[in-house]
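The residues making up each chain are set out below.
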Amino acid sequence: MSQDRRPTDAPDASTAPESGPPGPSSAPPHAPARAAAGVARDAVDDVLAAARDSTDGDEDDVTATRRRAGDDESNRASRGWWDRNADEYQDEHGAFLGDDRFVWGPEGLDEEEAGLLGPVAGLRGRRVLEIGAGAAQCSRWLAAQGARPVALDLSHRQLQHALRIADGASPAASVPLVQAEAGLLPFADGSFDLACSAYGAVPFVADPVRVMREVRRVLRPGGRWVFSVTHPIRWAFPDEPGPEGLSVAASYFDRTPYVEQDAAGHAVYVEHHRTLGDRVRDVVSGGFRLVDLVEPEWPHWNTQEWGGWSPLRGQLIPGTAIFVCERD
């Protein structure tokens, strides 16, 4: 699950450069994914510490803007950002996410309660693909219910955290880990019964229809695909948890991506906005039927702030949209 990082003072798209400088080319189609399970588990903590030291750097030169960003640039930025920030993310949000909890968003809606993938008892024996799995907390919960999940993420560091957590978990909750892009899934057609993503991948790709079609390809007929994203209406409001985050400050219809870039103009973080109607059309264009759209209400028990998500805002405007889709 990711955080919305858009500040209130991001420049308007009309004053931003249209595109960044070209970077290295992306992996060729159907390139094999690297399996994170190859990391020796007794060395995971050492690997994490060394990687953290190597990626600590000066971020003072990073600026925020609104400009176009294509698939290759977006994927490079996401991989780099999550590799650099996975430690901090897991430290800050790990207690809320749990080691083996399936939570759909900052509101705290649990899959055990919501049953969006189907009845919990019906998960046993099901092959499930989690996309943008992070440290695989959701997949670990699925495994505990008797499902057969595979956790996929773009970030190697996030998957290293999955291995770290797995060290103390029951062998029955063991989950295969795969590093790959959501738009190039390294699986055969019809490999899975279900697919899910809690704030993973979809908000960070320039071509969400490509992701939808790939998910459809690896699902069996009748398979269900459930994913959550920041509710699109939030893009019209400042990303602030207090009263200042309750007044419209930007056009809901401005689909220009939010980009953080370094002094050379290279994107280091990219997030893409789609309106609610855009998301529905993406689902349909990807070959799915939308069967439900869930907007979780903020529960009274949740007093935690998570970036721009807070009890104050959550009780007034939706913060998460969950799309429940089926492959015919």
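Residues numbered from 1 in each chain as written. Predicted model: local features only at pLDDT ≥ 70, side-chain atom pairs only at ≥ 80, totals over all residues. Heavy atoms only, no water.

Comments concerning the overall build of the protein chain
If you tally the helices and strands in the protein chain, you get 8 helices and 10 strands. Considering only contacts within the protein chain whose residues lie at least 6 apart along the sequence, 78% involve residues at least 24 apart. Looking at the protein chain as shown, the accessible area adds up to about 13900 Å², and 50% of this sits on carbon and sulfur atoms. (Helix = DSSP H or I, 4+ residues; strand = E, 2+ residues; numbered from the N terminus. Contact = heavy atoms within 4.5 Å. Areas by Shrake-Rupley, 256 points an atom, 1.4 Å probe, with all protein chains shown as cover.)

Points about the sheet that holds strand β9 (residues 288-294)
The strand order across the open sheet built from 7 strands is β4-β3-β2-β5-β6-β10-β9, with neighbouring strands paired in mixed fashion. The two strands at the open ends of the sheet, each matched to only one other strand, are β4 (177-179) and β9. Averaged over all pairs of adjacent strands, the angle between their axes in this sheet comes to 20°, without regard to strand direction. Across the sheet, helix α7 (residues 276-285) is in contact with β6 (219-230), β9 and β10 (320-327); its angle to β9 comes to roughly 145°. (Pairing = 2+ DSSP bridges. Axes fitted to C-alpha atoms, helices over the stretch in contact; angles between N-to-C directions.)

What to know about α7
The set of residues buried in α7 consists of Asp-278, Arg-279, Asp-282 and Val-283. The buried residues of α7 occupy an angular sector of 140° when the element is viewed end-on, so they sit on one face. Residues of α7 that are buried sit in contact with α6 (208-218), β6, β9 and β10. (Buried < 20%, exposed > 50% of the residue type's maximum accessible area, 1.4 Å probe, protein only. Arc of directions from axis to C-beta.)

Section: the pairing of β6
Of the pairings in the sheet, the one linking strand β5 (residues 192-198) to β6 comprises 6 bridges and is parallel in character. Paired with Ser-197 across the strands is Phe-227, a residue of β6. Crossover connection from β5 via α6 to parallel β6: handedness right-handed. Pairing between β6 and β10: 7 bridges, direction antiparallel. Residue pairing for β10: Trp-225 is matched across the bridge by Cys-325. (Right-handed = clockwise from strand over helix to strand, strands pointing away.)

Topic: unusual backbone geometry
Not every positive phi belongs to a glycine, and Ala-136 is a case in point at roughly 65°. Inspection of the secondary structure puts Ala-136 in the loop between β2 (127-131) and α4 (137-144). A positive phi is found at Ala-201, a non-glycine position, where the angle reads about 70°. Residue position: Ala-201 is located in the loop between β5 and α6.

Description of empty space enclosed by the protein
Counting across every chain of the model gives 3 cavities of 30 Å³ or more. Its volume calculated, the largest cavity comes out at about 310 Å³. Gly-132, Leu-154, Gly-200, Ala-201 and Phe-204 are, among the 25 residues lining the largest cavity, the residues nearest its centre. Among the secondary structure elements, those contributing two or more residues to the lining of the largest cavity are α2 (71-97), β3 (148-153) and α6. (1 Å grid on protein atoms, 1.4 Å probe; cavity = no way out; pocket = protein on both sides within 12 Å on 5 of 7 lines; lining within 4 Å. Points joined across faces, edges and corners; volume = space filled by probe spheres on them.)

Some details on the packing of aromatic side chains
In the structure shown here, the tally under the stated rule is 15 aromatic pairs. Ring plane angle 10° and centroid distance 5.0 Å describe the contact between Phe-227 and Phe-323, whose orientation is recorded as stacked. In this pair, Phe-227 is assigned in strand β6 and Phe-323 in strand β10, connecting sequence segments 96 residues apart. By way of ring pairs, the aromatic residues Trp-81, Trp-82, Tyr-89, Phe-96, Phe-204, Tyr-258, Tyr-269 and Trp-306 are connected into one cluster. The residue whose ring lies beneath Arg-101 is Phe-96, and the NZ or CZ to ring-centre distance is 5.0 Å. (Phe/Tyr/Trp six-rings, centres within 6.5 Å; stacked < 30°, edge-to-face > 60°. Lys NZ or Arg CZ within 6 Å of the ring centre and 35° of its normal.)

Section: the packing of α2 against helix α5 (residues 156-166)
Between α2 and α5, the least distance of the axes is 7 Å, while the angle of their chain directions is 35°. Residue-level contacts link Trp-82, Asp-83, Arg-84, Ala-86, Asp-87, Tyr-89 and Gln-90 of α2 to His-156, Arg-157, Gln-158, His-161 and Arg-164 of α5. Residues of the contact of α2 with α5, tallied by class, amount to 3 nonpolar, 4 polar and 5 charged. (Nonpolar A, V, L, I, M, F, W, Y, C, P; charged D, E, K, R; others polar.)

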